[in-house]
Amino acid sequence: MNWIQYFSTSIGKKLQMSFTGIFLIVFLVVHCYINAQIFYNDGGVRFDEAAHFMGTNAVIRIVEIGLFGLLILHIIQGLLLFFKNKSRRSVGYQVSAGNKTSAWYSRSMALLGTLILLFLIIHLSKFWGPNRLSQLTGGGELKLYDMMKEEFKTTWVVVVYLLGCFSLGWHLLHGFYSAFQTLGLPTARYKGIIKIVGIAFSIIVPLIFALMPVAFNMQWVN
C-alpha cells in the first residue's frame, strides 16, 4: 500500500485530521494574538501594525494560503469521516447512550465544524476578502480596525460571531486532545497535561475572539 492509498483509508484520514488540526491550532494562536491588540485601546495602532505585517510579509502570505487549504481539507475530511461512519449503520440505535459513553460535543463535531465554516465564510467576506481584493487591485490595505468598528455596530453580526466562537470552543474541547491522541502523543506521563492544556485553550482562545466584537459593540475600545 503506497502513501496515497494509506491516506485514503479511515486511519489515514484521521491522521490528516490530526495534522491539519494541529496546524490550525497554531493559526488560532497567531490570530488570537493579533485580535488581542485591540485591548490596548490605542485607536487600533498596534492592531493595524500587526495586521499590516501579516498582510504584507511574503512568507506569511504563502503560509496563509496553505492554512486556508488545510482548513478546507480539515473540514472536508471531518465531514467525510462523519458520513462514512454514519453509513456503516443502516439502522440507527433504538436507544441513545448519550453522555454515558461520550460527551455531546464529541458526537457533534460535524455540526460544530459546519457552524464554524459558516462563521468563517461571513468573516472572510467582510474582512479578509475585501482587504485582499483591495491590495490586488491597487487600492492598498484597508483599515481593518475601522472596518471592525463599523461592522460590529450591527447586532446580528455580533451574534453570529458569538455563535461561531461558542462552536469553536466546543469543537476544540474535543478536537484539541483528539488531534494529539490520534498521533499517539498523550502517553501516561503527558495525558493529563495535554487534557488540561486543551481545556484551557478551548476556553481562553474562543473567549478572546468573542470579546472582540462585544468590545466594539459595547464601545469598550475606541
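Peer 1: Any details on the overall build of the protein? Residues and values, ideally.
Peer 2: If you tally the helices and strands in the protein, you get 8 helices and 0 strands. Each helix and strand of the protein, ordered N terminal to C terminal, gives the series α-α-α-α-α-α-α-α. For the protein, the residues scored as buried account for 37% of the 222 residues in total. Of all intrachain contacts in the protein linking residues separated by at least 6 positions in sequence, the fraction that spans at least 24 positions is 74%. Looking at the protein as shown, the accessible area adds up to about 13400 Å², and 69% of this sits on carbon and sulfur atoms.

Peer 1: Which residues make up the packing of aromatic side chains, and what values do they have?
Peer 2: Summed over all chains, the structure comprises 8 aromatic pairs. Taking 5.9 Å as the distance between ring centres and 45° as the angle between the ring planes, the aromatic pair formed by F127 and F152 counts as tilted. With a gap of 25 residues between them, F127 in helix α5 (residues 109-136) and F152 in the loop between α6 (144-151) and α7 (155-182) connect regions that are remote in the sequence. The same class applies to F127 and to F152, which are both buried. The ring of Y40 carries the charged tip of R46 above its face, separated from the ring centre by 4.0 Å.

Peer 1: Which residues make up a nonpolar patch on the surface, and what values do they have?
Peer 2: Taken together, F39, L207, L211, M218 and W220 make up a surface patch of nonpolar side chains, about 510 Å² in accessible area. Mapped onto the elements of the fold, M218 is located in the segment after α8 (191-217).

Peer 1: Go over the side chain of S167, please, and point to the residues and values.
Peer 2: The residue S167 is located in helix α7 in this model. Overall, the relative accessible area of 4% leaves S167 in the buried class. When sequence neighbours within four positions are dropped, the list of residues in contact with S167 reads L112, L115 and I116.

Peer 1: Give a description of the pattern of salt bridges that names residues and reports values.
Peer 2: Throughout the structure, instances matching the rule amount to 3 salt bridges. Note that D42 is salt-bridged to R46, the shortest N-O span being 3.9 Å. With a relative accessible area of 27%, D42 lands in the partly exposed category. For E150, the salt bridge goes to K153, with nearest N and O atoms at 3.4 Å.

Peer 1: Residue-level account of the nonpolar core, with values.
Peer 2: Within the largest apolar cluster, 38 residues are counted, with the highest numbers of intra-cluster contacts made by F47, M148, F152 and F216. Listing elements by their share of this core, those giving two or more residues are α2 (10-35), α3 (45-56), α4 (58-87), α5, α6, α7 and α8. For this core, the element with the highest residue contribution is α7, accounting for 9 residues. F152 has contacts with F127, V157, V158, Y161, M212, P213, F216 and N217, leaving out every residue within four places of it along the chain.

Peer 1: So what's going on with the confidence of the model for the protein? Residues and values would help.
Peer 2: With 79% of its residues at a pLDDT of 70 or more, the protein shows a mean pLDDT of 79. Confidence drops under pLDDT 50 across residues 92-99; counting only partners more than four residues distant or on other chains, this segment forms 3 contacts.

Peer 1: Quick rundown of unusual backbone geometry? Include the residues and the values.
Peer 2: Look at N41: it is not a glycine, yet its phi comes out positive at around 55°. Along the chain, the position of N41 falls in the loop between α2 and α3. The exposure class assigned to N41 is partly exposed, which follows from its relative accessible area of 32%. Even without being glycine, Q219 reaches a positive phi, approximately 60°. Note that Q219 resides in the segment after α8.

Peer 1: Describe the packing of α3 against α6, and please don't skip the residues or the numbers.
Peer 2: The description of two packed helices rests on the angle between their axes and on the distance between the axes. One can describe the packing of α3 onto α6 by two numbers: an axis separation of 9 Å at closest approach and a directional angle of 120°. For the element pair α3 / α6, the angle class is oblique. Within the contact between the two elements, α3 uses F47, D48 and A51 and α6 uses L144, Y145 and M148.

Conventions adopted
Residues numbered from 1 in each chain as written. Predicted model: local features only at pLDDT ≥ 70, side-chain atom pairs only at ≥ 80, totals over all residues. Heavy atoms only, no water. Helix = DSSP H or I, 4+ residues; strand = E, 2+ residues; numbered from the N terminus. Buried < 20%, exposed > 50% of the residue type's maximum accessible area, 1.4 Å probe, protein only. Contact = heavy atoms within 4.5 Å. Areas by Shrake-Rupley, 256 points an atom, 1.4 Å probe, with all protein chains shown as cover. Phe/Tyr/Trp six-rings, centres within 6.5 Å; stacked < 30°, edge-to-face > 60°. Lys NZ or Arg CZ within 6 Å of the ring centre and 35° of its normal. Patch = residues over 30% accessible without salt bridge, like charges linked within 9 Å, V, L, I, M, F, W, Y side chains within 5 Å. Salt bridge = Lys/Arg side-chain N within 4 Å of Asp/Glu carboxyl O. Core = buried A, V, L, I, M, F, W, Y, C linked by side-chain atoms within 4.5 Å. pLDDT = per-residue confidence, 0-100. Axes fitted to C-alpha atoms, helices over the stretch in contact; angles between N-to-C directions. Parallel < 35°, antiparallel > 145°, perpendicular 65-115°, else oblique.

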